[in-house]
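The chain contents come next:
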Amino acid sequence: MDFISILSIFILACFVGYYVVWSVTPALHTPLMAVTNAISSVIVVGALVASAAKGESLSSWLGLAAVTMASVNIFGGFAVTARMLAMYKKKDRPAPKGDAK
Amino acid sequence: MSETASRIAEHVALPAWALIAYLASGVLFILALRGLSSPATSRTGNRYGMVGMGIAVVTTLVTQAPIPSGHWWPRPTPEDLVVLFKILAALGLGAVVGVTIARRIQMTAMPQLVAAFHSLVGLAAVLVGLAAYLDPASFGILLPDGAINPVSRVEMGLGIAIGAITFSGSVIAFAKLNGNMSGAPILLPGRHVINLGTLLAILGLVAWFTQDQSAWVIVAITVLSFIIGFLLIIPIGGADMPVVVSMLNSYSGWAAAAMGFTLHNTAMIITGALVGSSGAILSYIMCKAMNRSFLSVIAGGFGAEAAAGDGAAREQRPWKRGSAEDAAFLLKEAEQVIIIPGYGMAVAQAQHVLREMADQLKAAGVRVKYAIHPVAGRMPGHMNVLLAEANVPYDEVFELEDINGEFAQTDVAFIIGANDVVNPAAKTDKSSPIYGMPVFDVEKAKTIMFIKRSMGGVGYAGVDNDVFYMDQTMMLLADAKKMVEDIVKALQH
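All values derive from a computational prediction rather than experimental measurement.

Peer 1: Can you explain the overall build of chain B? Please cite residues and give values.
Peer 2: The helix and strand tally for chain B stands at 20 helices and six strands. Viewed in the frame of its principal axes, chain B has a C-alpha envelope of about 85 × 50 × 35 Å. Scored against the burial criterion, the 493 residues of chain B give a buried share of 56%. Sequence separation of 24 or more characterises 77% of the internal contacts of chain B that already satisfy a separation of 6 or more. If you sum the accessible surface of chain B, you get close to 19600 Å²; carbon and sulfur atoms cover 64% of it. A distance of 3 Å separates the average location of the 32 positive side-chain charges in chain B from that of its 36 negative side-chain charges.

Right under this line is the structure:
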């Protein structure tokens, strides 16, 4: 891919991000930060590329360290987001049944 | 050289399915954020995010894993297995640590946790950038003449710089939020000059890096960026931390995007753009909620002068003190009660007993609503999480602009652990440091109940509050949790 195609994807994704994030309800801004933090750990892709290089090189050890950090973030970020989202409940309605949660 | 050249070819020509897979994971990340538009769809959204991440990791492992001669699959060499084992061990270690932290963390400590997580993304970006510099062939950015592609050098330099700033800035934010470091701003003389100079030096070095790819340039970029991260965050006071955490959130995204440019990876670029805009929008929302400009927050120093100047000039004015019994009586008689919680409520751990009080009032036929100011907690949306943890249904919780018109029809405004967000000076007193900040119109309510530890303390911004002295205000002076417990007891009689 040439630089211009990549730049196009980036610019368009910024616009998508702008509109998607404004539609996030303020009540969920903390989970939003936790989940954006988890997905920004997609940097793990770069870390995996570095650590998958063959041989015992400094760069592969740097890569492995980065894989570990990104992994803490991925698992920790998604888990803590899931934990928070599980707490958001609607009012319990006295209606006996048929009322979806 | 021929081996290197063939490896470049492999990277440039990732199989089509891998390109599609990265695109798919980028799209799943968009859906993950889209899900957060309502609590009902948010859990599904989070699962999309997990699937997206899984696709990105597996695709990378399959396509980038060591290729000594031909393909590692289906017959990996012992050397490949060692590499694979190391990678899985690193992933596993991170998973154990991450999940353990996520399970144990207290919801009040969420801002610190997010800051700590940001620092990890930042540091990972720095390490990946350095690894790309050391092993450009694996990243597919080595030109046939043995030099690193100059465009990639800019991307790499910026990625490292942003990552390093994210790291050291987040470490300071963590220390301030976690109480390892005082929340008071630390003001160095001539800091604006030092900061601007350092930033310009970093940009200059990145430009120089395109001409000269020697190691000292990249080391200098890294070191200076670590330093500027510290310098940028230490002058910012505790009250502005919500903005800082959001800003660092944004930086961690830009760092990931820069690395995505280096790797020509769609998933990383889309994610970087999403996270970058998300953090930027949250910073904007927080600044607007405090009526501060982003630049003045970044310049730092807020809270240092105000706290010193006040106190002596404060006059003694009459105020009314109420007891838990008085409060219980009035609350029970009310038709509508609006509870305004602030961070002080969370510090006192009063949210659970507050919900008990609300339950009792609801049982007595009172309409109970919660009103949340955007800066009520220590990070965007923090108070909503704290209330959700205490089992407060989210459809009883309202944002500032949605509920502010209702105070005139409200019998009791119940303020617990909040102060600046109900201060009418923000609307009337042009000299006040919080002038222009949107606040709740509590003075329109028939009765105001204000839980506060003592009359001495003032809010974060260090200003007196006229609400204390209003005719309809009943000051409930006690620890927030103790006071609400007493009200709950009094309601039972």
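Peer 1: Give me the sheet that holds strand β5 (residues 447-452) of chain B: which residues, what numbers.
Peer 2: Residues and elements named next belong to chain B. In spatial order, the strands read β3-β2-β1-β4-β5-β6; together these six strands make up an open sheet with parallel pairing. Here the strands that pair on one side only, and so sit at the sheet edges, are β3 (397-399) and β6 (473-477). Strand-to-strand twist in this sheet, taken as the mean axis angle between neighbours without regard to direction, amounts to 25 degrees. As defined by bridge partners, strand β1 (residues 336-341) adjoins strand β4 (residues 412-416) across five bridges and the pair is classed as parallel. The residue of β4 that forms the bridge with Ile-340 is Ile-415. Strands β1, β2 (367-372) and β3 of the sheet are contacted by helix α17 (residues 382-389), whose axis makes an angle of about 145 degrees with β2.

Peer 1: Residue-level account of the environment of Gly272(B), with values.
Peer 2: Residues and elements named next belong to chain B. Take Gly-272: it is sitting in helix α11 (residues 266-289). Look at Gly-272 and you get buried, because its relative accessible area is 0%. Separated by 16 residues in sequence, Gly-272 and Ala-256 have C-alpha atoms that sit 5.1 Å apart. Apart from the residues within four sequence positions on either side, Gly-272 is in contact with Gly-253, Trp-254, Ala-256 and Ala-257.

Peer 1: Residue-level account of the pairing of β1(B), with values.
Peer 2: Residue and element names in this part refer to chain B. Burial within β1 is extensive, with six of its six residues counted as buried. Burial along β1 is two-sided: the residues Gln-336, Ile-338 and Ile-340 and Val-337, Ile-339 and Pro-341 are all buried. The pairing of β1 with β2 spans four bridges and is classified as parallel. In the sheet register, Ile-339 faces β2, and the bridge partner there is Tyr-370.

Peer 1: Could you give me a rundown of the side chain of Thr447(B), with the residues and numbers involved?
Peer 2: Summarising the element assignment, Thr447(B) is placed in strand β5. Judged by relative accessible area, which is 15%, Thr447(B) ranks as buried.

Peer 1: Requested: an account of the interface of chain A and chain B, with residues and values cited.
Peer 2: The interface is formed by 79 residues belonging to chain A together with 104 residues belonging to chain B. In total, about 8200 Å² of surface goes out of reach between chain A and chain B, with carbon and sulfur atoms giving 78% of it. Here chain A is connected to chain B by zero salt bridges. Across the contact surface, chain A and chain B share 17 residue pairs in polar contact (both at pLDDT 80 or more). Among the secondary structure elements, those contributing two or more residues to the side of chain A that touches chain B are α1 (3-22), α2 (29-40), α3 (44-51) and α4 (58-85) of chain A. A total of 25 residues in the side of chain A that touches chain B trace back to one element, the largest contributor, which is α4(A).

The rules we used
Residues numbered from 1 in each chain as written. Chains lettered and ligands numbered in written order. Predicted model: local features only at pLDDT ≥ 70, side-chain atom pairs only at ≥ 80, totals over all residues. Heavy atoms only, no water. Helix = DSSP H or I, 4+ residues; strand = E, 2+ residues; numbered from the N terminus. Buried < 20%, exposed > 50% of the residue type's maximum accessible area, 1.4 Å probe, protein only. Contact = heavy atoms within 4.5 Å. Areas by Shrake-Rupley, 256 points an atom, 1.4 Å probe, with all protein chains shown as cover. Lys, Arg positive; Asp, Glu negative; His and termini not counted. Charge placed at Lys NZ, Arg CZ, Asp CG, Glu CD. Pairing = 2+ DSSP bridges. Axes fitted to C-alpha atoms, helices over the stretch in contact; angles between N-to-C directions. Buried area = accessible area lost by both parts, 1.4 Å probe. Salt bridge = Lys/Arg side-chain N within 4 Å of Asp/Glu carboxyl O. Polar contact = N/O pair within 3.5 Å; in protein donor to acceptor, adjacent residues only side chain to side chain.

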